[in-house]
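So the chains spell out like this:
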Amino acid sequence: MVLPTHLSFKKIQMYEKYPKGQARGRHWKHLKQILQAENYQNYPPDELNYVNIESPPSMHPCKKICDITGFEAPYSDPRTNLRYANAEVFKLVRSLPNDYVQRYLALRNAAVVLK
């Protein structure tokens, strides 16, 4: 009886897969290597690419971020105008003193005088 050299259910060991002297895994390229391979200097200057900084503004609206936790915030408090992610954060937002609220709004460049 002759057995095959590789059984489909058997896990291949690393030394079998990569004999000595062969490269392992994926090779990552640096940005400089990618730019040289793509020949970006040959593109016309008005064509948009990764090197060109000037690009049109995004068509998607900005994501609203919770002022306290940093998670995505679907809600905003009408009294303080702070954004919050869930009910626990809402309780915290309502318990904050007025000067703390002003500081959070100033971080977001949305500072308003609250009454």
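About the thresholds
- Residues numbered from 1 in each chain as written.
- Predicted model: local features only at pLDDT ≥ 70, side-chain atom pairs only at ≥ 80, totals over all residues.
- Heavy atoms only, no water.
- Helix = DSSP H or I, 4+ residues; strand = E, 2+ residues; numbered from the N terminus.
- Buried < 20%, exposed > 50% of the residue type's maximum accessible area, 1.4 Å probe, protein only.
- Contact = heavy atoms within 4.5 Å.
- Areas by Shrake-Rupley, 256 points an atom, 1.4 Å probe, with all protein chains shown as cover.
- Phe/Tyr/Trp six-rings, centres within 6.5 Å; stacked < 30°, edge-to-face > 60°.
- Salt bridge = Lys/Arg side-chain N within 4 Å of Asp/Glu carboxyl O.
- pLDDT = per-residue confidence, 0-100.
- UniProt positions renumbered as here; feature names shortened; annotations may be inferred.

Colleague: Before we go on, may I ask you to explain the overall build of the protein in this structure?
Modeller: From N to C terminus, the protein includes four helices and two strands. What you see in the protein, going N to C, is helices and strands ordered as α-α-β-β-α-α. Taken over 115 residues, the protein has a buried fraction of 12%. A separation of at least 24 residues holds for 16% of the contacts in the protein among residues at least 6 apart in sequence. Roughly 10800 Å² of accessible area belongs to the protein as shown, and the carbon and sulfur atoms make up 57% of that amount.

Colleague: Sorry if this is basic, but what is going on with the packing of aromatic side chains here?
Modeller: Two numbers describe a pair of aromatic rings. These are the distance of the centres and the angle of the planes. Per the stated rule, a full pass over the model turns up two aromatic pairs. When the ring of Tyr75 is compared with that of Tyr84, the centres are 5.5 Å apart and the planes differ by 25°; the resulting orientation is stacked. With 4.8 Å between their ring centres and 40° between their planes, Tyr84 and Phe90 make a pair best called tilted. Its relative accessible area of 12% is what places Tyr84 among the buried residues. Take Phe90: its relative accessible area is 26%, and that puts it in the partly exposed class.

Colleague: Just to check I follow, could you spell out unusual backbone geometry for this structure?
Modeller: Despite not being glycine, Asn81 has its phi angle at roughly 70°, a positive value. Tracing the backbone through its elements, the reader meets Asn81 in the loop between β1 (75-76) and β2 (83-84). Taking the relative accessible area as the measure of exposure, Asn81 reaches 37% and is therefore partly exposed. Positioned with a positive phi, Asn109 is a non-glycine residue whose angle comes to about 60°.

Colleague: Can you walk me through the pattern of salt bridges in this structure?
Modeller: Should their charged atoms come close, side chains of opposite charge can pair. Under the criterion given, the structure shown has three salt bridges. Between Asp77 and Arg94 there is a salt bridge, and its shortest N-O distance comes to 2.7 Å. Remark: Arg94 occurs in helix α3 (residues 87-95) and Asp77 occurs in the loop between β1 and β2; sequence separation between them is 17 residues. Taking the relative accessible area as the measure of exposure, Arg94 reaches 32% and is therefore partly exposed.

Colleague: Help me understand the confidence of the model for the protein, please; the structure alone is not making it clear to me.
Modeller: Close inspection of predicted coordinates is inappropriate in any region flagged by low pLDDT. For the protein, mean pLDDT is 79; residues scoring 70 or higher make up 67% of the total. Averaged pLDDT values for the elements of the protein fall to 63 in helix α1 (residues 14-17) and rise to 95 in α3.

Colleague: Can you help me understand the UniProt feature "domain: Vps72/YL1 C-terminal" (unreviewed entry) in the protein in this one?
Modeller: UniProt records the feature "domain: Vps72/YL1 C-terminal" (unreviewed entry) at residues 64-93, using the numbering of this structure. Across residues 64-93, helical content stands at 23% and strand content at 13%; the span's end C-alpha atoms are separated by 16 Å.

Colleague: How do you make sense of the environment of Leu96 when you look at a structure like this?
Modeller: The topology assignment puts Leu96 in the loop between α3 and α4 (98-107). The exposure class of Leu96 is buried, given its relative accessible area of 17%. For the pair Leu96 and Thr80, spaced 16 residues apart in the sequence, the C-alpha separation amounts to 9.5 Å. Contacts of Leu96, omitting those with residues within four sequence positions, involve Ile68, Leu82, Val101 and Tyr104.

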